[in-house]
Amino acid sequence: MADAKLSPDLFKRVTVDSTEKEKITTPALTFTQDAMRRLRQNKVAIVSLWVIIIIAIVSVMTIFISPANPNKGSLAYTNLPPKIANWNIPGFNGYQDGVDKYAGLGKNVWFALGTDYLGRDLLSRIFVGTRVSLIIALVATLFDLTIGVTYGIISGWLGGRIDTVMQRVIEIVSSVPNLVVAILMLLVFKPGMTSIILAIGLTGWITMARLIRAQTLQLRDQEFILAAKTVGESGGKIALKHLVPNLSSIIIIQTMFTIPMAIFFEAFLSYIGIGLPAPTASLGTLLSDGQKALQTQPYQLIYPAIVIVVLMLAFNLLADGLRDAFDPKSQR
Amino acid sequence: MIKYILKRVGYLILTLFLVASITFFLMKLLPGTPFNNPKLPPDQIEALKAQYGLDKPVWQQYLSYMLGLLHGDMGMSFQFSGQSVSYLIMSRIGPSLQLGLQAMILGTLLGILLGAVAAIRKNTWVDSVATIFAILGRSIPNFVFAALLQFFLAYKLRLFPIALWDGFSSSILPTIALAMAPLANTARFMRTEMVDVLNSDYIELARSKGETRWQTVANHALRNSMIPIVTIIGPMAVDLMVGSLVVENVFAIPGIGEQFVKSITTNDYPVIMGLTIMYSFMLTVVILIVDILYGVIDPRIRLNEEAN
Amino acid sequence: MRFNKRLGVLAGVAVAALFLVACGGNQSSSSTDTKTWSRMEGDVISSMDSAVVTDAISGQALVDTMDGLYRYAGSDLQPAMASKIVTPTNDGKTYTFKLRDAKWSNGDPVTAQDFVFAWKRAIDPKTKSQYAYLFSGIVNADDIMAGKKAASTLGVKAIDDKTFEVTLDHAIPYFGTMMVNPVFFPQNQKVVEKAGKNYGTNSDNIVSNGPFILKNWNGTGNSWNEVKNKDYWNAKNVKLNKINVQVIKDPSTAMNLYQSGKLDDATLSGAQAAQAKTMKDVTALKQATTFYLELNEKKTPALKNEKLRQAISMSLNRKEFIDKVLQDSSVAPTGLVPENLAKNPTTGEDFSKEAAKTTSQYTKYDKTEAKKLWSEGLKETNVKSLNLELLTDDTDVAKKSSEYFQSALEDLPGLKLTISSVPFKTRLTRSQNGQFDMVISAWGADFPDPITFLDMFTSSNSYNNGKWSNADYDKLIADSKGKDATNPEARWNDLLKAQEILTKEQGIIPIYQRAQTHLVNKKMHDLQYSPANMYNFVNAYLK
């Protein structure tokens, strides 16, 4: 390659406006806006979010419009397999082991997901059950968030003697098996939703508090916190502006643990016979009834199980998405 | 370090004392008498109460119970006549401990493996499969899962014993049923942490020094990712206790879990208190070990604790 | 390559774990021994000390391993330790039992002193027996229980080694049938005193005089064996060599085990019972236990109205309830006293069937009649609507039952039910304290005589939780114990009339008589079941 001759007139002097220099080319976004933008890019999370929203809406709507009364059945219609109109869809044609269980009941009698041992419409009961389980899970999660996060931050941030005392309190509270707490609640108060929520809530926050404290302990010595301290920000402000965003992944993940845990604990209480009082349905009572009929009426277990699995998958995948979106460290 | 551990053991004893006291007084709130015959005439109930010392003032019962505890005497069961609570626990704890340990080992090992693989192969099909597998493990209540395992693997395919406690082969299905919860929890935590760690500066530094991807995983990422798993061992142990109750029921295993609920519904106060104290003891010991491990794994925390 | 080591070890362990899990499937199949029987119980043995046992499971183990004065063969009372069925003398107040020659499993002879010792020990408040009240009626028993007299003053004595004499305060027509209850079994003083408080706490600390000997029971475990006792006086009629017992709580596990041949006798409930009823080896074991509704007339005075109570009873379709909800083999009752409990002393007719002749319409499902009675009742009591709480246990069956009752009874206009399920003990306490509107209760017979049921609902009885009261009823019960006590026929008629009054007024509302659904291996023959809800394995054989 030959030497290129460069002459001054090939160059042009550019003067940059000092205001131009400060101009930001991408739109200014707050932390939350930024997170939401990233969440929207995650298709799986958005689909999960919609699944949860739809399930929630359906379970609320069915307060007003339900296919049948979920708590009232007719003993003439007990343990019928699923059947949808007279369309003869395999699995939904009213046949079980080759026998038409609807024989002699009339043409217009059909239950989309079958009936239970009292002849109650399973579909309606699943609607109610989902609603009840969601309420239990959400309220219990609220306990987790408020008590657990506050407790954990205070304990980890202040450290020293206060931390020690708070840790001892946690140890004592968590040393009593939650089953005992639950049963005492159910005996002292009337058995029902409130007692179950209280029982789950009062034992569930501990894991959250412990994780938050551990993370706070790590964070509090990091440079950005030190910097904030040096600048003279108040403790509360540091907690809100710097700690909580950095704790968000732990909070969200743990919250997503609490929801299935709450639903499960309720199911567990139902299985050992101290769950919701009859005739209220919850996913737990439906599953524990269904489990007993696994060999004979498997559909009574399968459909509630599908609902709980879909709910769990949706919550967890959404949690993943939220985590990626909120965690400042995982910029894509 | 030794001073620190001694201090913690002191706290442990204090904790157990408080747990025993609180449980004792909570038990007194339970309605009903501990006698299991609905046909007992009222005056006979009074006479029986006197024989068991239940007619004495509560503080006297409390004192004698606490004094007994010092000697390892947890009283006599009401339900099993002539059987001491400590014997009841000792004779039934074996299968529960075995199942719990097997499930914990199986669950955490598979969980760590699953989580690590998912994180290393993040956003590939491997990740999706591992994630969905882990979520499914947490989505099916263990009483349903246990029944499904029993029905398909044992009853239909005849691969395993259906139930009963008869050698190692009979512990396999219950172990799998129990291990699902720790497996799912571990896998999930492992993946989350590993992704964080793999994104961190020191991994980039290590990579820039010429270590391969797998070398960085082995030398740095694995150890640093395991810290949060240590923190969830305590809660997982609680899950296993609760889970063992259901699983022992389904597989007819002579463990301590199924005895627990029964003692509550039959108002067997001494057994409830004994089991509560025993569970509390095991939990506090697990937490203590976890805290010490935590210090071993992450020196920054040990320094903090020791400074206090 | 540090990675390969560490992750490799991890992977290795996990794979090994999986491998173990996958390869453990081999198992020995159950023995096809022609003299071994495998059965299940729903719970563990609580004790083998016959003085303190109250539950059916320990009771069965005691009946298998011990012999009392009499033994049930089906519903026939047969002499066991006693050489014959004794007729009382002295106006029904003295029983003199001649004992047969028999041995304890440690070689000691069974003597009259063993009975004296056992009975005095059982009634002593120090023993803490919850069945001590069954001794009531024997001389000084009530005073001993109240702590006013020493246990040694109980009206029993050993006239010689083989003659045991019991003296009663007053005639007890059903005294003989009580002798099958383990609390009246003999005990070997030497063994009991040597073991001290450990007596009956494991299979090494007991001594047997019955058809089998208990083995491999550690006191709290979920399984035990009963092995044939070669020294049993009637050993030639014990044809089984061994009975294996396993505790199983989950009915689907029981079903799976039975179908794969691991169990010869499975007790089933719910869906599994319904499934079992379609199989050919199903057996229904009727138990002397009635479930009934109690209405609290004290708390809700409107329920004093007979028509309201009858309306509630007639709204219940008992047969459908049993078929669809309980799904087991239970029986729709016609009154409080269950079927197969007692037979007319002259005609041999079943008590409940005889009493039902005039009163069966009150327990029959009749929706129209129920609604008519209900509205009349509401008018008479000047009440527009009733909001009642239905108290039940928190067991699966109790919950399902209460759901059915709620749905069936709310067909009555103006009746609203809320269900409250609580643990068994809590239910008992609340029933006894009158803290309920309506409660599902159950009563099992202590001994096969109608009085064990009917006695409960006299005005002053402490088990009469609903406070139903009827003067004629009270008088009939008093007569049966007093002036008609030694006249079987008059006594029978008193009790019959009492049951008719109770049924007509629906003082309590009977719901079902429990019958367990069992799957029993067809190779078993001559296995009998007694009115005391116990198997008798003597004479039973496998073929």
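Residues numbered from 1 in each chain as written. Chains lettered and ligands numbered in written order. Predicted model: local features only at pLDDT ≥ 70, side-chain atom pairs only at ≥ 80, totals over all residues.

Points about the interface of chain A and chain C
So, step 1. Opposite the 19 residues of chain A that make contact, chain C presents 25 residues.
So, step 2. Split by residue class, the side of chain A that touches chain C holds eleven nonpolar, six polar and two charged. (Contact = placed C-beta atoms within 7 Å. Nonpolar A, V, L, I, M, F, W, Y, C, P; charged D, E, K, R; others polar.)

Digging into the UniProt feature "transmembrane region" (unreviewed entry) in chain A
So, step 1. UniProt tags residues 44-65, 132-157, 169-189, 195-212, 250-274 and 301-322 of chain A as "transmembrane region" (unreviewed entry).
So, step 2. Across residues 44-65 of chain A one finds 82% helix and 0% strand; the C-alpha atoms that close the span lie 30 Å apart. (UniProt positions renumbered as here; feature names shortened; annotations may be inferred. Helix = DSSP H or I, 4+ residues; strand = E, 2+ residues; numbered from the N terminus.)

Some points on the domain arrangement of chain A
Where the parts come together, the accessible area they lose is often given as the size of the interface.
Residue and element names in this part refer to chain A.
So, step 1. With domains assigned, chain A is organised as domain 1 (32-73 + 120-330) and domain 2 (80-114).
So, step 2. Its C-alpha centre places domain 1 at a distance of 38 Å from the equivalent point of domain 2.
So, step 3. Contact residues are listed per partner, giving seven residues for domain 1 and six residues for domain 2.
So, step 4. Listing elements by their share of the side of domain 1 that touches domain 2, those giving two or more residues are helix H4 (122-158) and helix H11 (299-326). (Domains from an automatic or database assignment.)

A closer look at the UniProt feature "domain: Solute-binding protein family" (unreviewed entry) in chain C
So, step 1. The sites that UniProt annotates as "domain: Solute-binding protein family" (unreviewed entry) are residues 77-464 of chain C.
So, step 2. Taken end to end, residues 77-464 of chain C is 29% helix and 19% strand, and its first and last C-alpha atoms sit 31 Å apart.

Brief notes about the domain arrangement of chain C
Residue and element names in this part refer to chain C.
So, step 1. For chain C, the assigned domains read domain 1 (46-210) and domain 2 (288-515).
So, step 2. Each of domain 1 and domain 2 was reduced to a C-alpha centroid, and the two centroids are 33 Å apart.
So, step 3. Each side of the interface is counted separately: domain 1 has eleven residues, and domain 2 has ten residues.
So, step 4. Split into classes, the residues belonging to the side of domain 1 that touches domain 2 amount to five nonpolar, five polar and one charged.

Digging into the packing of H4(A) against helix H7 (residues 193-220) of chain A
All names here are of chain A.
So, step 1. Between H4 and H7, whose axes approach to 6 Å, the crossing angle comes to 35 degrees. For the element pair H4 and H7, the recorded crossing hand is right-handed.
So, step 2. Tallied by class, the residues present in the contact of H4 with H7 amount to 19 nonpolar, seven polar and four charged. (Axes fitted to C-alpha atoms, helices over the stretch in contact; angles between N-to-C directions. Left-handed = near helix turned anticlockwise from the far one by under 90°.)

Points about the pairing of strand S2 (residues 70-73) of chain C
All names here are of chain C.
So, step 1. Bridge analysis of S2 against strand S3 (residues 76-79) gives four bridges, and the strand direction is antiparallel. Its bridge partner lying in S3, tyrosine 72 is registered against leucine 77.
So, step 2. In this structure, the hairpin formed by S2 and S3 is closed by a connection of two residues, where glycine 74 is found at a positive phi of approximately 65 degrees. (Pairing = 2+ DSSP bridges.)

Notes on the environment of A:Leu217
Residue and element names in this part refer to chain A.
So, step 1. In this structure, leucine 217 sits in helix H7.
So, step 2. Assessed through the 21 C-beta atoms surrounding it within 10 Å, leucine 217 is described here as buried.
So, step 3. For the pair formed by leucine 217 and valine 16, sequence separation is 201 residues and the distance between their alpha carbons is 47 Å. (Buried ≥ 20, exposed ≤ 12 C-beta atoms within 10 Å, placed from the backbone.)

What about helix H8 (residues 223-231) of chain A?
For the α-helix, the turn length of 3.6 residues means that residues three or four positions removed from each other point alike.
So, step 1. Burial runs low along H8(A): only zero of the nine residues are buried.
So, step 2. Following H8(A) by one or two positions, A:Gly232 has its phi on the positive side, about 95 degrees.

Observations concerning the packing of helix H16 (residues 471-481) of chain C against helix H17 (residues 488-505) of chain C
Residues and elements named next belong to chain C.
So, step 1. Where H16 meets H17, the closest approach of the two axes is 9 Å, and the angle between their N-to-C directions is 155 degrees. Relative to H17, H16 is oriented roughly antiparallel. By crossing handedness, the relation of H16 to H17 is classed as left-handed. Only Arg491, Asp494, Leu495, Lys497, Ala498, Ile501 and Leu502 of H17 make contact with H16, whose side of the interface consists of Asp472, Tyr473, Leu476, Ile477, Asp479 and Ser480. (Parallel < 35°, antiparallel > 145°, perpendicular 65-115°, else oblique.)

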